[in-house]
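Spelled out, the chains give:
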Amino acid sequence: MNKIEEGQIQIHTENIFPIIKKAVYSDHEIFLRELVSNGVDAINKRRMASMAGDCESSDSEPKINIIINKEEKTLTISDNGIGMTAEEIKKYINQVAFSSAEEFLQKYENNKESIIGHFGLGFYSSFMVAREVEILTKSAKKDSKGYKWKCDGSPKFSIEESLKELPGTDIILYLMEEEKEYLEPERIKTLVKKYCDFMPFDVQLSGTSINKQDPPWRKNPQSMKDQDYIDLYRYLYPFQGDPLLWVHLNTDYPYNLQGILYFPKMGGRADWESGEIKLYSNQVFVSDSIKDIVPRFLLPLRGVIDSTDIPLNVSRSALQSNRKVKSIGNFISKKIADKLKSIKKDNSEFYAEIWDSTSPFIKIGAMEDEKFAEQVEDLIIFKTIRKIEFNDEDNIISYNNNKYTTIKDYISRLNTSENKRIIYCTDETTQLNPLNLWQEKGNEILIADTVIDSQYIPWVETRKENVSFQRVDSEIEEEISNKSTDIKKINEDKNDDSLKEIIKDALGNENITIQLRELKGNTSIPSLILLPEQMRRMNDIGALMEQKIPGLPKNHVLLINKNHPIVTSLFKLHENSIIVAKEGNTQNEKLIKDVSVHLYQMACLSIGGLDSTGLANIQKTSSDLLGSLLSKLV
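Per chain, the residues get numbers from 1 upward, laid out in the order the sequence is written. In view of the model being predicted, local features appear only for residues whose pLDDT reaches at least 70, and side-chain atom pairs are presented and counted only at 80 or more, with totals across whole chains, interfaces and linings using the full set of residues. Hydrogens are left out, water is left out, and the side-chain values use all remaining heavy atoms of the structure.

A few points about the overall build of the protein chain
And then number 1: Here a strand is any run of E in DSSP of at least two residues, a helix any run of H or I of at least four, and the numbering for each starts at the N terminus. Summing up its helical and strand segments, the protein chain has 17 helices and 26 strands in all.
And then number 2: Here the contacts in the protein chain between residues at least 6 apart in sequence split such that 69% fall between residues at least 24 apart.
And then number 3: The Shrake-Rupley method, run with a 1.4 Å probe sphere, supplies the accessible areas, and residue values consider only the shown protein chains as cover. As displayed, the protein chain has an accessible area near 32300 Å², and 46% of this comes from carbon and sulfur atoms. The criterion used for residue contact is that any of the two residues' heavy atoms lie within 4.5 Å.

Structure (structure tokens):
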């Protein structure tokens with residue numbers, strides 16, 4: 001063969017190849033994606049050029065063929081695309097950098113991962129795994145010759161004529177010893193499935209097709225059936241169950257973007273940092289870490305986003321943040337909101353059914369994004385309960401024997417136009433007693449029992465004028481208790497003070513405030529723990545910062561129901577005690593103390609406010625109390 005030319009690749013420096021080999025990509029496996037992608041580009045170029053009459057059309061189906069030769073330790077990626085002339089080889093292969101390479105390297109000295117995207121080094125990723133690379137190519141232009149380009153990983157190259165018969169390009173990689181894993185068919189199949197599964201052309205391994213080709217997200221949504229969406233989800237996320245719902249994205253203005261996003265069933269782990277959505281660029285897998293595109297509150301969604309308008313840097317795996325990326329994120333958020341609106345409007349029962357899984361996305365999104373907050377304001381619902389039956393005008397959503405409402409509709413049912421107070425409950429079990437008291441009064445109570453609600457409720461208060469939230473156990477109003485402070489036949493206020501002192505002395509804790517109330521129509525509750533709203537919130541925030549479950553705040557209120565037989569008997573027991581002169585104590589002092597402590601411990605127990613030590617103590621106190629009572633009867 002006649003050697004046409006010898007020379008040096010025009011990079012003006014010899015330290016570009018070590019950077020390519022060691023620092024350009026985080027994973028060497030990316031080379032296969034780059035070379036297959038180049039093959040797809042070549043096929044597309046040939047198709048367009050042949051339509052314009054600038055080159056020969058192909059007589060065979062477009063395809064990428066991968067060939068393994070274990071004896072020669074070579075991996076070949078072959079396409080039947082447009083190929084290259086000698087001049088095109090010089091332009092697209094040899095001239096790696098069109099500006100001063102030294103200046104370029106200095107600019108990116110501390111950010112080596114940002115190199116390739118600036119001058120299209122995709123082909124040169126092959127040198128991460130190959131000690132030598134050959135290109136056999138023939139242009140599809142009429143009367144073109146075949147050429148062979150060869151480089152051993154140094155700036156030196158050679159170009160000579162070849163006997164290649166058909167148009168297209170073969171990239172032959174002579175693999176380094178430590179990269180022999182790419183000679184294993186299963187390894188290649190795995191990489192093709194990961195990066196090239198949905199490429200538009202057939203990818204073959206030694207003549208056998210190994211990719212799916214047909215991406216559902218590029219189809220017209222009108223042609224898609226529910227099962228098509230479910231099948232794609234199962235393929236992308238095997239053994240994850242079926243999705244709750246999905247949103248099909250399809251727009252070509254002001255940018256080109258397709259995709260399908262799924263709401264998974266939130267049963268456990270959710271990735272709020274990197275995400276599980278797969279990013280494609282022109283059907284080529286790029287990354288599954290898309291936190292620079294999708295707003296953080298949507299990261300746990302799953303599915304695919306495919307866009308050629310998302311700017312990528314060197315390895316296509318990292319994003320360049322710009323105004324267009326932010327606009328794409330806003331577009332996706334709006335499409336999510338629009339989908340949820342249509343579900344709530346057309347199938348409110350299904351909306352309530354999926355609410356537990358969708359609410360984290362929506363509430364966090366509202367708090368983090370003002371525009372999204374406006375879009376979903378009427379989509380955030382709470383379970384609600386009240387004694388009085390709801391009617392059609394209340395705009396209540398019913399599902400599975402539960403009722404759901406928005407904050408806006410709750411406020412519309414209040415009798416006052418000022419100082420709108422929303423009563424809520426975070427745990428229907430531990431807050432059962434105060435919850436019942438509010439219900440008996442006729443109040444409507446929202447159930448805000450998710451972790452996010454502890455942040456969402458204060459956020460709502462900052463946005464709505466004259467609206468406040470009060471948990472059922474923060475205080476008991478006068479309307480729920482009798483105004484009289486009498487205990488049966490005792491008519492003087494000093495008796496209340498006396499009873500407070502009895503209990504306070506028994507507990508021996510200055511952080512506990514004692515309140516006496518005669519609860520209306522309810523004699524089953526002897527005592528309650530009340531947690532003032534702001535104090536409890538501070539306690540919850542502290543626990544959240546320390547990543548632990550909130551416990552009973554140091555300062556809290558013990559409400560004593562003067563209407564309960566235990567309490568009335570306790571006062572009589574104290575009133576009728578005879579002081580023993582020698583000790584200066586009353587004959588019933590231990591029993592009075594045991595009853596007082598028991599009232600407090602039972603109130604704590606009902607809200608889950610006892611730790612392991614407290615649970616052990618309540619057993620001892622109860623035993624001592626029963627012993628004292630029985631001793632008086634026997």
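From this point, the discussion proceeds with the structure in view.
Quick look at the environment of methionine 602
And then number 1: Among the secondary structure elements, methionine 602 is positioned in helix α16 (residues 589-606).
And then number 2: Linking methionine 602 and proline 526, residues 76 residues apart in sequence, is a C-alpha distance of 8.9 Å.

Focus on the packing of helix α15 (residues 565-575) against α16
And then number 1: With axes taken as lines fitted to C-alpha atoms, and helix axes fitted only over the stretch in contact, angles between N-to-C directions fall between 0 and 180 degrees. In contact at an axis separation of 10 Å, α15 and α16 are set at 155 degrees when each is read in the N-to-C sense. Judged by the inter-axis angle, α15 sits roughly antiparallel to α16. In this structure, α15 crosses over α16, and the sense of that crossing is left-handed. On α16, the residues that touch Ile566, Val567, Leu570, Leu573 and His574 of α15 are Leu591, Ile592, Val595, Ser596 and Leu599.
And then number 2: A breakdown of the residues in the contact of α15 with α16 according to their chemical character gives eight nonpolar, two polar and no charged. If an angle is under 35 degrees, it is roughly parallel; if it is over 145, roughly antiparallel; if it lies from 65 to 115, roughly perpendicular; otherwise it is oblique. Working rule for handedness: look at the near helix, and if it is turned counterclockwise from the far one by less than a right angle, call the crossing left-handed; if clockwise, right-handed. Note that Gly is not counted as nonpolar here; it falls among the polar residues with everything else outside the nonpolar set of Ala, Val, Leu, Ile, Met, Phe, Trp, Tyr, Cys and Pro and the charged set of Asp, Glu, Lys and Arg.

Some details on the sheet that holds strand β12 (residues 276-281)
And then number 1: As summarised here, the arrangement of the five strands in space is β10-β11-β14-β12-β13, forming an open sheet in which the pairing is mixed. The outermost strands of the open sheet, each flanked by one partner alone, are β10 (245-251) and β13 (284-287). Between one strand axis and the next, the sheet turns by 20 degrees as a mean value, whatever way the strands run.
And then number 2: Pairing between two strands requires that DSSP report at least two bridges joining them. Relative to strand β11 (residues 257-263), β10 runs antiparallel, the two sharing seven bridges. The residue of β11 that forms the bridge with threonine 251 is leucine 257.

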